[in-house]
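Examination of the molecular architecture
Chain residues, written in single-letter form:
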Amino acid sequence: MDIKSVLDERVIDLHMDADDKKEAILYLAEKLKSAGYIADVDEYVADIYVREAQGQTGIGNFVAIPHGKSSSVTQVGIAIGKLDHEIQWETLDGRGVKLIFLFAVGNDNENAKTHLKLLAEVARTLGNDEAVNTLLKAENVEDLKAVFS
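The present account deals with the structure reproduced in this document. Everything numeric here is computed off the predicted structure, so don't read it as measured data. (Residues numbered from 1 in each chain as written. Predicted model: local features only at pLDDT ≥ 70, side-chain atom pairs only at ≥ 80, totals over all residues. Heavy atoms only, no water.)

**Focus: the side chain of Lys-82**
Tracing the chain through its elements places Lys-82 in strand β4 (residues 77-87). Despite being buried, Lys-82 has no salt bridge partner; Glu-139 is the closest side chain of opposite charge, sitting 4.5 Å away. There is a polar contact of 3.1 Å between the side chain of Lys-82 and the backbone oxygen of Ala-138. Apart from the residues lying within four places of it in its own chain, the contact partners of Lys-82 are Asp-13, Leu-14, His-15, Met-16, Lys-98, Leu-99, Leu-135, Leu-136, Lys-137 and Ala-138. (Helix = DSSP H or I, 4+ residues; strand = E, 2+ residues; numbered from the N terminus. Buried < 20%, exposed > 50% of the residue type's maximum accessible area, 1.4 Å probe, protein only. Lys, Arg positive; Asp, Glu negative; His and termini not counted. Salt bridge = Lys/Arg side-chain N within 4 Å of Asp/Glu carboxyl O. Polar contact = N/O pair within 3.5 Å; in protein donor to acceptor, adjacent residues only side chain to side chain. Contact = heavy atoms within 4.5 Å.)

Here you go:
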């Protein structure tokens with residue numbers, strides 16, 4: 001499984017509106033629920049915050065990759081939200097976040113392997129400043145997918 005195989009337009013919003021981290025995570029979790037990736041929003045969000053308490057998921061350069069394993073996940077996926085303004089988030093560079101990749105991963109061994117593989121692929125792409133700038137300017141899902149091809 002690679003990143004392109006999990007990019008689903010139903011859980012991508014490149015014109016997301018959220019005022020803070022909590023609102024952004026809840027919004028993206030609700031998109032995952034409505035598309036059938038998770039069974040329970042509250043349980044899933046609680047599991048995300050367990051991981052958030054362990055360390056920063058804001059990797060810098062306006063990007064956050066919140067993730068955590070949850071038994072609420074029914075299918076591996078990544079919800080993506082892009083904001084036109086920064087929101088506060090604990091980040092490695094102290095800046096806010098405009099681009100959020102919210103991973104939906106179950107808590108069994110197979111899902112853990114898939115999670116690590118997808119996380120590594122996303123992190124590798126997001127480590128490229130040019131790729132991040134392209135993502136921050138993306139106006140549609142095709143623009144976003146092109147960065148990962």
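More follows now that the structure is in view.
**Some words on the sheet that holds β4**
Strand order across the open sheet formed by 5 strands is β1-β4-β5-β3-β2, with mixed pairing between neighbours. Because the sheet does not close on itself, it has two edges, and the strands there are β1 (12-13) and β2 (58-60). Relative to strand β5 (residues 97-104), β4 runs antiparallel, the two being bridged by 7 bridges. For Ile-80, the partnering residue across the bridge sits in β5 and is Phe-101. Its contacts with the sheet put helix α2 (residues 21-34) on β1, β4 and β5, and the angle it makes with β5 is roughly 45°. (Pairing = 2+ DSSP bridges. Axes fitted to C-alpha atoms, helices over the stretch in contact; angles between N-to-C directions.)

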